[in-house]
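# Observations on the model geometry
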Amino acid sequence: MKMSNKIQTGDRKVIIIGLAIFMAIATFPFWYNHGKAAPKPEPQYTEKAKAAKTCVRDKEYMKAEHMQLLDVWRDTVVRDASRKYTNSSGAEFDMSLSNTCLDCHSNKAEFCDKCHNYASVNPYCWDCHIDNPKEKK
Amino acid sequence: METSRRHFLKIAGISTLGIGAKPVLDVFASGGGEGHGDAAPVRIDKGADAMTAKHWGMVIDTRKFESAEDLEPIVEACDKVHNIPKLENKNHEIKWIWEEEYKHAFPGKGHKFVDERIEHLPFLVLCNHCENPPCVRACPTKATFKREDGIVLMDFHRCIGCRFCMAACPYGSRSFNFRDPRPFISEEDHNKKFPTRMKGVVEKCNFCAERLAVGKMPACVEASNGAIAFGDLYDPESEVRELLKSNYAIQRKQGLGTDPAVYYIV
């Protein structure tokens, strides 16, 4: 007797219902959160940052690559003792998170945390580098 | 035609591969994440004021000290500049530069008839920034390393707190942060220009690398009223070499072969 691949008619109903339930559960997070997307983070600038107009590099670069930039800064400062950064427009900066970056962006809660919370990343920079005492958790 | 199971699985497998390959190819096509904003050239170099040396060294003239009071402002200056916490518990203490008795600082060099001045004189001890540092060899993560100018430095970002370096250091120059140091730094002593440390890292004297980079002498040297000299050990004209030429000076535990860069005129 040839074994058939055909599903027996009695089981078909059970399988379809089972599939429907599975799909409902699997897609639950999508339709449950539909239309409730968290708003795009809007980091606030301090007066000092607004006055400076430009950061060390342009805004798009800083937005996407500031972590790579900081990584390079950290290694060159700590290991090579090179602390002067000259950007393409010739502006010079002291390569220091505490004294350069966080001097302008002294508003951790309204600037750094905005995007970090949105992206659910937890950098531990502020464990050692100044965090404003006002913002102590 | 009835589809066989084998045939179905083949089609499904190839489709999955096709779908999966697309995003991967896209990433490669975009060139590894570059291309955000300006790709303009930047330059990284040492500042104009930065001081350089072949091997930084220190000469402490202990003849200029009489009692612990003379050393206090020196230790204080360092503590303040580097945000060193004041911890009550001796086991948790963080020390960069501190006082030590002769017999502990120089074991094996004292004898039972050692002169009275030396016997009671407090000695300033700190990291020796050895020319052959055993801590660097012990560190499994290269968190501690010897810089080109001879300074043995800590990269706190890399330190995993294993404390091998503390076991390796024959001078006890290293301290471990058993507790978060921040609550133990008073607000008026907090130097915002220098980072604090976090719980779980080892720290020690850094020969004020951050001050040398802007052309300043180490904090202890500045606070010592000329009792501590600092300079390049390999520059025969330097202040430290001049002092070593004309005075008898000793190193701590010289027999171990670590070749400390801190010398004591006794």
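Residues numbered from 1 in each chain as written. Chains lettered and ligands numbered in written order. Predicted model: local features only at pLDDT ≥ 70, side-chain atom pairs only at ≥ 80, totals over all residues.

Further remarks concern the overall build of chain A. Of regular secondary structure, chain A possesses six helices and two strands. For chain A, the N- to C-terminal ordering of α and β elements is α-α-α-α-β-β-α-α. In chain A, which comprises 137 residues, the proportion classed as buried is 14%. Across chain A, the fraction of contacts at a sequence separation of at least 24, relative to all contacts at a separation of at least 6, is 61%. (Helix = DSSP H or I, 4+ residues; strand = E, 2+ residues; numbered from the N terminus. Buried ≥ 20, exposed ≤ 12 C-beta atoms within 10 Å, placed from the backbone. Contact = placed C-beta atoms within 7 Å.)

Moving on to the interface of chain A and chain B. Listed by partner, the interface residues are 24 residues for chain A and 26 residues for chain B. Looking at the side of chain A that touches chain B, the elements with two or more residues in it are α4 (59-80), β1 (84-86) and α5 (97-104) of chain A. The element that contributes the greatest number of residues to the side of chain A that touches chain B is α4(A), accounting for eight residues. In terms of residue class, the side of chain A that touches chain B is built from seven nonpolar, eight polar and nine charged. (Nonpolar A, V, L, I, M, F, W, Y, C, P; charged D, E, K, R; others polar.)

Attention now goes to the sheet that holds β1(A). Sheet strands pair via backbone hydrogen bonds, and the direction of the pair is either parallel or antiparallel. Strand order in the open sheet made by the three strands is β2(A)-β1(A)-β1(B), with antiparallel pairing throughout. The open sheet has two edge strands with one neighbour each: β2 (92-94) of chain A together with β1 (43-45) of chain B. The mean angle between the axes of side-by-side strands here comes to 25 degrees, regardless of whether they run parallel or antiparallel. Note: β1(A) against β2(A), three bridges, orientation antiparallel. Looking at the pairing, Lys84(A) lines up with Asp94(A) of β2(A). (Pairing = 2+ DSSP bridges. Axes fitted to C-alpha atoms, helices over the stretch in contact; angles between N-to-C directions.)

Residue and element names in this part refer to chain B. The four strands are arranged β9-β2-β11-β10 in an open sheet whose pairing can be described as mixed. Single-partner strands in this sheet number two, and they are β9 (228-232) and β10 (249-250). Pairing of β10 with strand β11 (residues 262-265) involves two bridges; the strand directions are antiparallel. Residue pairing for β11: Ile250 is matched across the bridge by Tyr264. Strands in contact with helix α9 (residues 239-246) are β2 (56-61), β9, β10 and β11; relative to β9, the strand with the most contacts, it is inclined by about 115 degrees.

So, about helix α2 (residues 68-81) of chain B. Residue and element names in this part refer to chain B. The end-to-end C-alpha distance of α2, which contains 14 residues, comes to 20 Å, matching closely the 20 Å that a straight helix rising 1.5 Å per residue would cover. The complete set of buried residues in α2 reads Leu71, Ile74, Val75, Cys78, Asp79 and Val81. In this structure, the buried residues of α2 make contact with β3 (97-100), β4 (123-126) and α8 (219-223). (Expected span 1.5 Å × (residues − 1).)

Moving on, we get to the nonpolar core. Counting residues in each nonpolar core, the largest one holds 61 residues, and the members touching the most others are Met58(B) and Ile97(B). The element contributing the most residues to this core is α2(B), with five residues. (Core = buried A, V, L, I, M, F, W, Y, C linked by C-beta atoms within 7 Å.)

Just distances and angles here, no functional claims.
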